[in-house]
Amino acid sequence: MSSDWLLKGRSDEDYSTDETTSYEESEPPGQTIDSISRSLQRFDWPDYVVFVLMLLICIVIGIFFGYKDHQKHKHRRKQARRESEALDYLVGGRKMKIFPVSVSLVASWISGISLLGTSTEIYVYGTQYCYIVFAVIMMGFVMHHVFLPVFHELQITSAYEYLQRRFDHRMRLFGSILFTVACLLWMPIVIYVPALAFNQVTGMSIHIVTPIVCMICVFYTSIGGLKAVVWTDVIQSGVTLMALLAVLIKGTYDVGGPAEVVQRNIAGGRLEAPIFDPDPTLRHSIWIILLGAPVWFCYGVSCSQDMIQRFLALPTLEDARKALKGFVIGWIIVNVIFFLIGMLVYATYYRCDPLTTQLARAKDQLLPLFVMETFAAYPGMTGVFVAGIFSAALSSLSSALNALSAITLEDFFKPYCKKPLTEKQIHYIMRGSVLVYGALSVLLSILVEHLGTVMQLTMTLSSASGAPLFGLFVMGILMPWVNGTGALYGGVTGLLVMLYMCYKAQYSIASGSRSFDTKPVSVEDCPYDYGRNATMGLTEDDSELEQLEKSIYHMSYMYFTLFGTSVTCLTGTVVSLLTKLCGSDRDQPIDPKLLAPCIRRIQPRDIPLTFQSVPTDSKQAEASEAALKRTEDG
């Protein structure tokens, strides 16, 4: 699901308006903020052409793959078609190629929120966040050796089908609900943020942009399935990368070259070495990044249906591992570009901070403002950048919609249908669920606009559901002593604890009892008039309050997933041991395929391992239970 959760989980308050950078453009003295803002709102017909062309390409790709699949299944027998249509729609027939899947994985993870938010992070807090590339490498190692072998050997369609095979049907439903709720809380922000950028450069209402773009995404996702999603991701990623490179090259040239960018960032305190302070309440340190961030990334890749679905679309485990390497390398490359753009934005505004002067009224508008100034004399380039932001958003949104379609069919319908679903029913469920979830996202994005402070709270709640969900998979794959009852109580406990923790953390930020040191900014060389009553930096009282009232919920946001996962696993272990001691639950045989390869090799002899197939729908379950009863009676 995208690094947006990690970025936005820091909350909008973190990017407080007291910090920012300078402005070195040669605007005539005496100009006001309003006049400059109006002069920068240039989105001419070449820009609209580029933007509309990107949307049309997505539509054509969806129609193309939808038509191909329709022709492919047209002459098949109904029974075969019923199975193969869902397989093609949800996992591309498990015949996808490594390169497009790798690109799609990167595109799914990176949306407009991370595109705009990462540069803001560097601008406001410096480059400490850049060391997160080490966390991504560690995540890749864990996925390669622990999670991918399990999922790929099982050949499942829904990642949460694993929870039923390992534990029971309750856990499958619990995991699916957690992911669905997290997606519904996350998708409105994915839509809203690029619409906000579009509003910045055109003045067009987000109520017009959001429904149009979202419905186009719903159309090509519902028509073309995973193949359309993957190939539109490839096209959209190309547009995004081209826009980012154009911004980076042109902006660096205007500032005076890479050396000047680095020099200004050093002078402004942005470029910094790793912080080795073990204090867990810091926002970032090398220990926080190496201990907390890898767990968050493992959750985002191993437990998110949209990511696992792509790995399962590849024919072999070796192909999946190659796609994983491509994802890690691609993520690092794209984020290095984000880091460099953040440094570039600071180098441009290092003597006239547009946040302090209110030239940029929202932190996420820093980069759009920079692009409008950089490409003011180049028709069409602003359109390329806006198309890039929307491409990143659409790739994440389409991935989530396709994943929710898979969960709706595999987890909410199939296990509870007494009769096998017909071809027509499968068709309507898969496409209809995409339409419903897309419409909900549009409606909720309107709520986000009117309740701006809900944005960071929504993202925090989304990440709060991630810790217990990851805990369920950790218990299943790495902890063979945990049973279904322990997993259920562990998951519920982890969810309740994390909801409380995240609420307290957000409340402490909103109330002012929790704040973060930001990098210094300057407005000494602003060439335009602005109100000079902006507050900059923490007050002395704020700093004292931060020192006096630190608590467990003041830990770094990067530790939250690690903490919640630990609570979930610990509770699950204790409850499992208690149920076994009380005799209320007996050891059940575990299919070796459900455990990580390293656990299979060291599995204790007192916990039996058998090769068994656990049913995933009600009809199979009834047949399996009847066969088991006959065996026991015999």
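All of these numbers come straight from a predicted model, not from anything done at the bench.

The rules behind the values
- Residues numbered from 1 in each chain as written.
- Predicted model: local features only at pLDDT ≥ 70, side-chain atom pairs only at ≥ 80, totals over all residues.
- Heavy atoms only, no water.
- pLDDT = per-residue confidence, 0-100.
- Contact = heavy atoms within 4.5 Å.
- Patch = residues over 30% accessible without salt bridge, like charges linked within 9 Å, V, L, I, M, F, W, Y side chains within 5 Å.
- Areas by Shrake-Rupley, 256 points an atom, 1.4 Å probe, with all protein chains shown as cover.
- Salt bridge = Lys/Arg side-chain N within 4 Å of Asp/Glu carboxyl O.
- Helix = DSSP H or I, 4+ residues; strand = E, 2+ residues; numbered from the N terminus.
- Disulfide = S-S within 2.5 Å.
- Expected span 1.5 Å × (residues − 1).
- Bend = angle between axes of the 7 residues up to and from the residue.
- Buried < 20%, exposed > 50% of the residue type's maximum accessible area, 1.4 Å probe, protein only.
- Core = buried A, V, L, I, M, F, W, Y, C linked by side-chain atoms within 4.5 Å.

In low-pLDDT regions, the fine details of the predicted coordinates are not to be read closely. Residues with a pLDDT of 70 or more make up 74% of the protein chain, whose mean pLDDT is 76. Across residues 606-625, confidence stays below pLDDT 50; counting only partners more than four residues off in sequence or on other chains, it has 40 contacts.

This part covers a nonpolar patch on the surface. A contiguous nonpolar surface patch, about 470 Å² in accessible area, is contributed by Val436, Leu440, Leu443, Leu444, Ile446 and Leu447. By the element assignment, Ile446 lies in helix 18 (residues 423-450).

All right, on to the state of the cysteines then. Per the counting criterion, the structure on display carries zero disulfides. With no disulfide of its own, Cys214 has Cys217 as its nearest cysteine by sulfur position, at a separation of 6.3 Å.

Over its 33 residues, helix 17 (residues 381-413) extends 46 Å from the first C-alpha to the last, a length consistent with the 48 Å expected when each residue adds 1.5 Å. Ile407 marks where helix 17 bends most, by close to 25°.

Count 3.6 residues to each turn of an α-helix, and residues three or four apart come out pointing the same way. End to end, helix 5 (residues 98-109) covers 17 Å across 12 residues, agreeing with the expected 16 Å (1.5 Å per residue, within 8%). Extensive coverage of helix 5 is indicated by the burial of 10 of its 12 residues. Of all the residues in helix 5, the buried ones are Pro100, Val101, Ser102, Val103, Ser104, Leu105, Val106, Ala107, Ser108 and Trp109.

As a further point, take the nonpolar core. If you look at the biggest cluster of nonpolar residues, it comprises 160 residues, and the most contacted ones within it are Ile132, Tyr162, Phe297, Phe311 and Phe327. With five residues, the next largest nonpolar core counts Leu409, Leu421, Ile426 and Ile429 among its residues.

Moving on to the side chain of Thr180. Along the polypeptide, Thr180 turns up in helix 9 (residues 169-202). Beyond its immediate sequence surroundings of up to four residues, Thr180 is in contact with Leu404, Ile407, Phe412 and Tyr437.

Right, let's talk about the pattern of salt bridges for a bit. Considering all chains together, one arrives at 10 salt bridges under this definition. Salt-bridge contacts for Arg170 lead to Asp168; the nearest nitrogen and oxygen are separated by 2.8 Å. Overall, the relative accessible area of 17% leaves Asp168 in the buried class. Here Glu524 makes a salt bridge to Arg351, at a shortest N to O gap of 2.1 Å. In this pair, Glu524 is assigned in the loop between helix 20 (484-511) and helix 21 (540-548) and Arg351 in the loop between helix 15 (317-348) and helix 16 (366-374), connecting sequence segments 173 residues apart.

Another aspect to go through is the environment of Leu478. Secondary-structure assignment places Leu478 in helix 19 (residues 454-478). Given the relative accessible area of 27%, Leu478 is considered partly exposed. Distance in space between the C-alpha atoms of Leu478 and Ala596 is 6.2 Å, their sequence separation being 118 residues. Beyond its immediate stretch of four places on either side in the chain, Leu478 contacts Val146, Phe473, Ala596, Cys598 and Ile599.

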